[in-house]
Amino acid sequence: MRNKLMLVGFILLLTILAACGNSTEEGQTDNTNEEETTEEASNSEENASEESGGEVNLYTGRHYETDQELYDQFTEETGIEVNVIQGDDDELIARLDREGKASEADLLMTADAGRLHRAKSMDLLQQVDSETLNENIPENLRDEESQWFGLTKRARVIVYNKETVNPEDIQTYADLTKDEFQDKVLIRSSSNIYNQSLLASMIALDGEEAAKEWAQGIVDNMARAPKGGDRDQAKAVIAGEGDVAVMNTYYLGKMLNSEDEEEVKVAEQLGIIFPNQDTTGTHVNISGIGMTASSKNQENAQQFMEFLTTEAAQEQFAEANYEYPVNPNVEAAELLQSWGEFKAQDLNLSELGENNERAIQIMNEVGWQ
Ligand SMILES: [Fe+2]
């Protein structure tokens, strides 16, 4: 009974979303989608493709309003409506699991490779054999069994206060644990997937013992008990609460281009370090996508995935949110290029998922809140 009710609720929600356009995190409503729905309702002849295009249902943990523009473009090109349910990665995975075969979702998009790996291991995804995807996405950024695919890349970097820190002193993740940065390190909580995946990558590359030692060193050097998101860590550095912070590159890009002058001011006072250039490389994670095991619009879903990896879409997808494209034929945006090329960890991102549980255990063991 409860399941049935939830299914009815879900269908209702899908209908509402399709009718109203998807509200973004910032609470802005997308009008383009609304117009398209109206057009479809009035059975417009100019848009004949829309009548036969069908739909695709996307669960996404990405929280960037710019994504919708790309979905609208896909609809324009193919006539396939994209119905979006936005949520937290973990919630969406739990929901897919709960809904089982009855799920209306065709695609799961998350902001972390570890989560896609988890969805796969819960049998929530299915294999997609696509030459286009295999050509457009480097091997280490997609699942060996073609159950998930990276769409954009982000690096987890160190930022520092240019006034107080000599960048030569902070060239590696391990440097964050040095005595001179005692009470100076700002980093968000252990519940955050970005830090879990960072530690998971260290388990894969340096071994468990070294990873634990690092996590302990971070806890020892924290400027304060973790709170807030990546941007809050950067702000705390400039507010003088510490000297260095760990953050994803796109947050720095967003701050530099923010409408909030204070954010721009903070970002301009920060220097950026791509850690571990002489050793294991900087930690890179992806935002990616997989086709759900329950998908009822498989062709549309595959077409959507392929669309997102094309050169034109990649440029827009990545640039709009200051991320790096996965398609090697597409150049990163100018701002990202201005930060210079960097060496990334040489790691199949499945390992982030495989080591996630152990990473969380270690964080608990060392008291990372
Ligand atoms: Fe994020």
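No experiment lies behind these values; they were computed from the predicted model shown.

Quick look at the overall build of the protein
Phase 1: Of regular secondary structure, the protein possesses 17 helices and ten strands.
Phase 2: Burial analysis of the protein (369 residues in total) assigns 48% to the buried set.

Here we look at unusual backbone geometry
Phase 1: Positive phi, normally seen in glycine, also occurs at Ser 146, with a value near 55°.
Phase 2: Along the polypeptide, Ser 146 turns up in the loop between helix H7 (131-136) and strand S5 (149-161).
Phase 3: Of note in this structure, Asn 276 is not a glycine but carries a positive phi near 60°.
Phase 4: Along the polypeptide, Asn 276 turns up in the loop between strand S8 (270-273) and strand S9 (283-292).

What about the packing of helix H9 (residues 208-221) against helix H17 (residues 356-366)?
Phase 1: For the pair H9 and H17, interaxial distance at closest approach is 9 Å and the crossing angle is 45°. Considering their axes alone, H9 and H17 lie oblique with respect to each other. Of the two possible hands of crossing, H9 and H17 adopt the one that is right-handed. On H17, the residues touching Glu 208, Ala 211, Lys 212, Ala 215, Gln 216 and Val 219 of H9 are Arg 358, Ile 362, Met 363, Glu 365 and Val 366.
Phase 2: A class-by-class count of the residues in the contact of H9 with H17 yields six nonpolar, one polar and four charged.

Focus: the packing of helix H8 (residues 193-206) against H17
Phase 1: In the contact formed by H8 and H17, the axes pass within 8 Å of each other and the chain directions differ by 105°. Taken together, the axes of H8 and H17 lie roughly perpendicular to each other. The residues of H17 that touch H8, namely those facing Gln 196, Leu 199, Ala 200 and Ile 203, are Asn 356, Arg 358, Ala 359, Ile 360, Ile 362 and Met 363.

Re the pairing of strand S2 (residues 81-86)
Phase 1: The buried count for S2 comes to five of six residues, which makes it a mostly enclosed element.
Phase 2: In terms of strand pairing, strand S1 (residues 55-60) meets S2 through six bridges, oriented parallel. In the sheet register, Val 56 faces S2, and the bridge partner there is Val 82.
Phase 3: The β-α-β motif built from S1, the intervening helix H4 (residues 67-78) and the parallel element S2 has right-handed crossover chirality.

Quick word on the nonpolar core
Phase 1: Of all hydrophobic cores here, the largest spans 91 residues; its most connected members are Leu 107, Leu 108, Val 159, Leu 199 and Val 244.
Phase 2: Among the domains, domain 1 (2-152 + 286-334) and domain 2 (154-282 + 340-366) are the pair contributing at least three residues each to this core.
Phase 3: The residues contacting Val 244, other than those within four sequence positions of it, are Ile 158, Val 159, Tyr 160, Val 165, Ile 170, Leu 176, Phe 181, Lys 184, Val 185, Leu 186 and Val 237.

Side note on the environment of Asn 297
Phase 1: Counting through the fold element by element, Asn 297 comes out in the loop between S9 and helix H13 (298-309).
Phase 2: Judged by the 19 C-beta atoms lying within 10 Å of it, Asn 297 is partly exposed.
Phase 3: In sequence terms Asn 297 and Asp 106 are 191 residues apart; their C-alpha atoms lie 6.4 Å from each other.
Phase 4: Apart from residues lying up to four places away in sequence, Asn 297 is in contact with Gly 54, Glu 55, Val 56 and Asp 106.

Quick look at the confidence of the model for the protein
Phase 1: Looking at the protein, the pLDDT average stands at 88 and 86% of residues meet or exceed 70.
Phase 2: Per-residue pLDDT stays below 50 along residues 11-50; that stretch engages in 42 contacts with residues further than four places along the chain or on separate chains.

Notes on the environment of Gly 271
Phase 1: Among the secondary structure elements, Gly 271 is positioned in strand S8.
Phase 2: Sequence spacing of Gly 271 and Glu 163 is 108 residues, and the spatial spacing of their C-alpha atoms is 9.5 Å.
Phase 3: Excluding residues that lie within four positions of it along the chain, Gly 271 makes contacts with Val 159, Tyr 160, Lys 162 and Pro 167.

Re helix H6 (residues 113-121)
Residue pairs three or four apart in sequence face the same way in an α-helix, which turns once every 3.6 residues.
Phase 1: For H6, the buried fraction is high: eight of the nine residues fall into the buried class.
Phase 2: Among all positions in H6, only Ala 113, Gly 114, Arg 115, Leu 116, His 117, Arg 118, Ala 119 and Lys 120 are buried.
Phase 3: Remark: Asp 123 follows H6 within two positions and exhibits a positive phi of approximately 60°.

Observations regarding the environment of Gly 353
Phase 1: On the secondary structure map, Gly 353 appears in helix H16 (residues 350-354).
Phase 2: For Gly 353, a count of 22 C-beta atoms within 10 Å corresponds to the buried category.

Reading guide: rules and limits
- Per chain, residues are indexed from 1 in the order of the written sequence.
- Reporting in this predicted model follows two pLDDT cut-offs: at least 70 for local features of residues, and 80 or more for side-chain atom pairs to be given and counted; totals over whole chains, interfaces and linings ignore these cut-offs and use all residues.
- Secondary structure elements are defined from DSSP: runs of H or I of at least 4 residues count as helices, runs of E of at least 2 residues count as strands, and each element is numbered from the N terminus.
- Three exposure classes are used. Buried residues have 20 or more other C-beta atoms within 10 Å of their own C-beta, exposed residues have 12 or fewer, and partly exposed residues fall in between, all C-beta atoms being placed from the backbone.
- The axes used here are C-alpha line fits, helices contributing only the stretch in contact, and every angle between their N-to-C directions lies in the interval 0 to 180 degrees.
- Roughly parallel here means an angle under 35 degrees, roughly antiparallel means over 145, roughly perpendicular means 65 to 115, and every remaining angle is called oblique.
- Helix crossings get a hand from a simple test, with the near helix turned counterclockwise from the far one by less than a right angle marking a left-handed crossing and a clockwise turn marking a right-handed one.
- We call two residues in contact whenever the C-beta atoms placed from their backbones are within 7 Å.
- Gly is put with the polar residues, along with every residue not named as nonpolar or charged; the nonpolar set is Ala, Val, Leu, Ile, Met, Phe, Trp, Tyr, Cys and Pro, and the charged set is Asp, Glu, Lys and Arg.
- When DSSP finds two or more bridges between two strands, those strands count as paired.
- Looking down the strands as they point away from the viewer, one classifies a crossover as right-handed if the path from the first strand across the helix to the second runs clockwise.
- In this usage, the nonpolar core is the set of buried Ala, Val, Leu, Ile, Met, Phe, Trp, Tyr and Cys residues whose C-beta atoms join them within 7 Å.
- Boundaries between domains were set according to an automatic or database domain assignment.
- A score from 0 to 100, pLDDT tells how confident the predictor is in each residue.

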